[in-house]
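A look at the structure
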Amino acid sequence: MQIEIDSGSGFCFGVTTAIKKAEEELTKGTILYCLGDIVHNSMECERLRRLGLVTIGHDEMKQLHDVKVLLRAHGEPPSTYELARRNNIDIIDATCPVVLQLQKRIKKQYETGVAQIVIFGKRGHAEVLGLVGQTDGKAIVIEKFDDVKQLDFTRDIYLYSQTTKSLDEFHRIIDYIQDHISPDSTFRSFDTICRSVANRMPAISAFAARHDLILFVCGRKSSNGKVLFNECRRVNPNTHLIEGPDEIDGKWLFDISTVGICGATSTPKWLMEQCEERVTKLKD
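In this report, we go over the structure that sits alongside the text. No experiment lies behind these values; they were computed from the predicted model shown.

Here is what the cut-offs are and how they apply
- One numbering rule holds for all chains: residues counted from 1, following each sequence as written.
- The model is predicted, so local features are restricted to residues of pLDDT at least 70 and side-chain atom pairs to those at 80 or more, both for listing and for counting; the totals for chains, interfaces and linings are taken over all residues.
- Calculation of side-chain values draws on the structure's entire complement of heavy atoms; hydrogens and water are dropped beforehand.
- Paired strands, in this sense, are two strands between which DSSP finds at least two bridges.
- Only DSSP runs of H or I covering at least 4 residues are called helices, and only runs of E covering at least 2 are called strands; the numbering of each starts at the N terminus.
- Axis definition: a line fit to C-alpha positions, over the contact stretch in the case of helices; interaxial angles, taken between N-to-C directions, run 0 to 180 degrees.
- A contact between two residues is defined here by any heavy atoms of the two lying within 4.5 Å.
- Note on aromatic contacts: the rings of Phe and Tyr and the six-membered ring of Trp form a pair at centre separations within 6.5 Å, being stacked when their planes are under 30 degrees apart, edge-to-face when over 60 apart, and tilted otherwise.
- Relative accessibility under 20% of the residue-type maximum defines a buried residue, over 50% an exposed one, and the middle range a partly exposed one, all with a 1.4 Å probe and only protein chains included.

Time to look at the sheet that holds strand S5 (residues 90–93). If you walk across this open sheet you meet the four strands as S3-S2-S4-S5, and the pairing is parallel. For this open sheet the edge positions go to strand S3 (53–56) and S5, each flanked by a neighbour on one side alone. Taken pair by pair, the neighbouring strands of this sheet meet at an average axis angle of 30°, ignoring direction. In terms of strand pairing, strand S2 (residues 32–35) meets strand S4 (residues 68–71) through three bridges, oriented parallel. Looking at S4, one finds that leucine 32 is bridged to lysine 68. Against the sheet, helix H1 (residues 13–26) makes contact with S2, S3, S4 and S5, and its axis sits at roughly 165° relative to S4, the strand it touches most.

Take a look at the structure:
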């Protein structure tokens, strides 16, 4: 049996930077808090917890003073920075540069006070909350293609996207708005989908197609993971979503010649390697 780990899977630049910053601070021996899970992978979060990283929520942050708090790659709304200023909290800002640039663009457009600002993204997702926060909560969030039909096409529309959404679905939304926007209204779209994520779609499709069995290693809270997993399963129905090596069922390996192991932008390489070791043991 051949086992291959997808070389293109694993942490994206933003997640890698956030974890590196956390590790650097933790080596200093001071307490470091992280606002929300640093990455949507429970096993990586547990590894960092053992190093001393303390994960908190927004309500807990309100009670803290004179401490260090790391902001993860997803980004935060302006209200979080204001809270930090009031409570004398030292912010370690690990917001992904791609997300940060998107926040600035949305904020600048919102300050003109003209158009409907529409964000294609998952409601309640950390990144989307940070983007909506740039508009004082007034941006319209659409989660899927059908939601676009609820927009007011008699008003100007400025469309943005969460950085990890599907490029194909984003283009479908653009086409629909272009077909329905009033001739008296302005429509502009901004392709703000991260290419380090979007480019993984065709690559992971090809990877899934050349193996008998795909083990997709991913935290179940990862939005990016769901998109990539569904693409793997579309190409190869014999695809299983697992969070770690303990979830691998030996029955899946029966009459299998090749196993592909891949994951999301939130999946650490060391975890995929553990899954490879588990498959090796099960097949012997």
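This part is about the packing of aromatic side chains. This structure, assessed with the given rule, holds six aromatic pairs. Plain terms: the ring middles of phenylalanine 145 and tyrosine 176 are 5.7 Å apart, the flat faces sit at 90° to each other, and that makes the pair edge-to-face. With phenylalanine 145 in the loop between strand S7 (140–142) and strand S8 (157–161) and tyrosine 176 in helix H7 (residues 167–180), this pair connects stretches of sequence that are 31 residues apart. Tyrosine 176 matches phenylalanine 145 in its accessibility class, with the two residues each being buried. With a centroid separation of 4.7 Å and 10° between ring planes, the pair formed by tyrosine 160 and phenylalanine 190 is classed as stacked. Linking tyrosine 160 in strand S8 with phenylalanine 190 in the loop between strand S9 (187–189) and helix H8 (195–198), this pair joins segments that are 30 residues apart in sequence. Judged by its relative accessible area of 11%, phenylalanine 190 is buried.

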